[in-house]
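Each chain, written out:
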Amino acid sequence: RLLRLEREEREREEREERLRDIEEKQQRDKDRELNVLAVEATRKLWSAWEEEEKEVQEEIEMLERAEEAEKRRRAAWEEEEREVALELSQRQQQLDRERKRQEEWLASQSDKALAFALEEDESFLARAAEAELKRRQAWEEEEKEVADEMEAHRAASQATDKLRA
């Protein structure tokens, strides 16, 4: 009877050990599957991160190119603005010189016209006054155009300043 109990005890222990071995093997299989899944998930995450990093780098490069283009455009605008200011300044100086010349000519012509009118008929004086009026109107029109151009230039400058701000 004791032998039988010992044998049953050994068999029970052997069954328990086999069950433990089976459970351990199952646990190792589960762990191995989890490790495989973790490695696969890590690879996917790494791949997604690399793709995201690539997209971010492309966006950075695009923004840098846009910034460089804006700098070039701004420099070209400023250069054009300087050229327009110089041209307007030169044109204003030219108009000032022309006005002075016309005033001097007018003064000399007025003296001549007065003497001639006294010697000749008054119709010449009327024609001279009309011609002078036309010259003055043309000169005033040209001055108005320059003033309009200067105003347009100021408005463009203000727009540029607003864009810069």
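Everything below is about the structure printed above this text.
What counts and what doesn't
- Residues numbered from 1 in each chain as written.
- Predicted model: local features only at pLDDT ≥ 70, side-chain atom pairs only at ≥ 80, totals over all residues.
- Heavy atoms only, no water.
- Helix = DSSP H or I, 4+ residues; strand = E, 2+ residues; numbered from the N terminus.
- Rg over C-alpha atoms; globule rule 2.2 N^0.38 Å.
- Buried < 20%, exposed > 50% of the residue type's maximum accessible area, 1.4 Å probe, protein only.
- Contact = heavy atoms within 4.5 Å.
- Areas by Shrake-Rupley, 256 points an atom, 1.4 Å probe, with all protein chains shown as cover.
- Lys, Arg positive; Asp, Glu negative; His and termini not counted.
- Charge placed at Lys NZ, Arg CZ, Asp CG, Glu CD.
- Salt bridge = Lys/Arg side-chain N within 4 Å of Asp/Glu carboxyl O.

Next up on the list: the overall build of the chain. Looking only at helices and strands, the chain has 2 helices and 0 strands in total. Computed over C-alpha atoms, the radius of gyration of the chain comes to 49 Å, more than 25% over the 15 Å expected from 2.2 N^0.38 for 165 residues, which places it beyond the range of a compact globule. Reported as C-alpha extents along the three principal axes, the dimensions of the chain are approximately 170 × 20 × 15 Å. Classification of the 165 residues of the chain by burial places 7% in the buried group. Considering only residue pairs separated by 6 or more positions, the chain has 91% of its internal contacts joining residues 24 or more positions apart. Accessible area for the chain stands at about 14400 Å²; split by element, carbon and sulfur atoms hold 53% of it. The centroid of the 35 positive side-chain charges in the chain is displaced by 8 Å from the centroid of its 53 negative side-chain charges.

This part covers the environment of Arg4. The residue Arg4 is located in helix H1 (residues 2-119) in this model. Looking at Arg4, the relative accessible area reads 42%, which means it is partly exposed. Linking Arg4 and Glu33, residues 29 residues apart in sequence, is a C-alpha distance of 43 Å.

Along the chain, the position of His153 falls in helix H2 (residues 122-164). Excluding residues within four positions of it along the chain, His153 makes contact with Glu81, Val84, Ala85 and Leu88.

Here we come to the pattern of salt bridges. Here the structure, examined in full by the defined rule, presents 21 salt bridges. Note that Glu40 is salt-bridged to Lys44, the shortest N-O span being 3.5 Å. One end of the pair, Glu40, and the other, Lys44, are both in helix H1, 4 residues apart, so they sit about a helical turn from each other. The network of salt bridges with common partners includes Glu9, Arg12 and Glu16.

Bear in mind that shape data such as this cannot, by itself, settle questions of function.
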